[in-house]
Amino acid sequence: MQGALTSSGTVMDVLEAYRLDQRARADQAFGEDDGAWIQLALLLAHAASSSGEVRVAQLRAASELGRSLLGDDVWRRGYRTDPEPPADVTSLSGRIRSIAETMEEVGALQLSDTLLEAFVAADGAATTLERARVEIVRARLAWKADRFDVAAERYRRAVRTARQEQSVELRVRILIGRSVMTKHLGNYPRSRLYAGKGARLAERAGLRKLAAVGYHSLMVGAAVALGLEAAIVHGWRAYELADGDTVLETEVLGNMGQVFLDAGHPVVAISAFRVVIQRSPSARILLPARGGLAIAAARLGLRHIVHEQEDAVTRNAETSATSYDMAYALLDLARARQTLGDSRTAEGHRFRSLEIASRFGFHELVHHTSASFDVAAPVMRELPSRLEAVAVAVQELVHA
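Here we summarise the structure given alongside this text.

Each value, and the rule that gives it
- Residues numbered from 1 in each chain as written.
- Predicted model: local features only at pLDDT ≥ 70, side-chain atom pairs only at ≥ 80, totals over all residues.
- Heavy atoms only, no water.
- Core = buried A, V, L, I, M, F, W, Y, C linked by side-chain atoms within 4.5 Å.
- Buried < 20%, exposed > 50% of the residue type's maximum accessible area, 1.4 Å probe, protein only.
- Helix = DSSP H or I, 4+ residues; strand = E, 2+ residues; numbered from the N terminus.
- Polar contact = N/O pair within 3.5 Å; in protein donor to acceptor, adjacent residues only side chain to side chain.
- Salt bridge = Lys/Arg side-chain N within 4 Å of Asp/Glu carboxyl O.
- Contact = heavy atoms within 4.5 Å.

### Things to note about the nonpolar core
Then, number 1: Core analysis: the largest hydrophobic core is formed by 74 residues, its most contacted members being Ile232, Trp236, Met256, Phe260, Met326, Val390 and Val394.
Then, number 2: The element that contributes the greatest number of residues to this core is helix α15 (residues 283–299), accounting for 11 residues.
Then, number 3: Membership of the second largest hydrophobic core comes to 36 residues, among which are Val14, Ala47, Leu70 and Ala126.

### Looking at the environment of Thr127
Then, number 1: Mapped onto the fold, Thr127 is located in the loop between α6 (109–122) and α7 (128–144).
Then, number 2: Judged by its relative accessible area of 45%, Thr127 falls in the partly exposed class.
Then, number 3: One polar contact links the side chain of Thr127 to the main-chain amide nitrogen of Glu130, over a distance of 3.0 Å.

### A closer look at the pattern of salt bridges
Then, number 1: A complete count under the given rule lists 33 salt bridges for this structure.
Then, number 2: Here Glu310 makes a salt bridge to Arg337, at a shortest N to O gap of 2.7 Å. One end of the pair, Glu310, is in helix α16 (residues 303–314); the other, Arg337, is in helix α17 (residues 323–339), with 27 residues separating them in the sequence.
Then, number 3: Residue classification places Arg337 among the buried positions, given a relative accessible area of 12%.
Then, number 4: Taken together, the shared-partner salt bridges connect Asp82, Arg97, Glu130, Arg133, Glu169 and Arg173 into one network.

### Observations regarding the environment of Arg299
Then, number 1: Positionally, Arg299 belongs in helix α15.
Then, number 2: The spatial distance from the C-alpha of Arg299 to the C-alpha of Ala336 is 7.8 Å, given a sequence separation of 37 residues.
Then, number 3: Among residues more than four places away in sequence, those in contact with Arg299 are Leu261, Thr339, Ala377 and Pro378.

Read these as spatial facts, not as claims about activity.
Quick look at the structure:
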């Protein structure tokens, strides 16, 4: 999706941001919280352009709405990878990034960016650290919208703040952000370099959850380079460092399932994917797990599991799923059906995937969907004893 992401956080910008995001979803709503997201962004935009008691009242109303969106538990904890919970029980600092991430998850990139910009302009009490954290999130939103020039400038501003504040946390966040961005651009060696630096720096500083994010990025980079053993090691380290953070753990397990599937271990992959599905994550994590589970089951001839995942994806599709996630899940279902020899059904899934990918300009996905299928299962790679222990641990999580 192309997007300006250069608004000034005004009321009109909020409404235009939502229209742009909706356009990228063929004018479909994102879910039941759409109205509250818009209202929150409008409150912050009004506060940014007001002063005195009016601004205070707008910020108070925004805080109350934000708390209702997150719920009391998440409100108390603040953003999931922050080292400490927010000190102020009423401020949106930290919490605003949790709300913005929820919007980002379903593809509302423009509205999420405008919300964060309005918050920075409205809340004069936000610390330099919090403002830099927001800047790093906005850098990610920029490159997700294919605005790499905007993203690079936002990262540069965050680097300056990290130096001024001598903040290890900010350095880690920037390294991890750049790791994912460069991977998106196809520069996998540099992506692994950034991720490795970030993970090691975070672990030394005791920033365990940020270290988990760094090792997770390393895992994905290693898997792309066919370093499957290294990918499993990095993935399990990420899981351990997540310290029970359900979102982090679930995302890591979803990708570990894919790694085991690529290594020719569909039984272990099924366990990983089942744990992901049991935890009912967001559609961004859930749909790839369903698609991966279908492929793993197909390789073992487990038709009933393929049919279950097919039904979940095609009949009970997540309303919050992005078009990309849905197109990719359909492609996975096509591969699973082709593996079972059900060519006609496979072609139907592939056609729907190609239709979505073509409509929204997902060029790489169009290429994969248009190409002939290679559904041959990879040769099972024998795992060293330490990786066998990881495989057993993953399988035991199903019953934990």
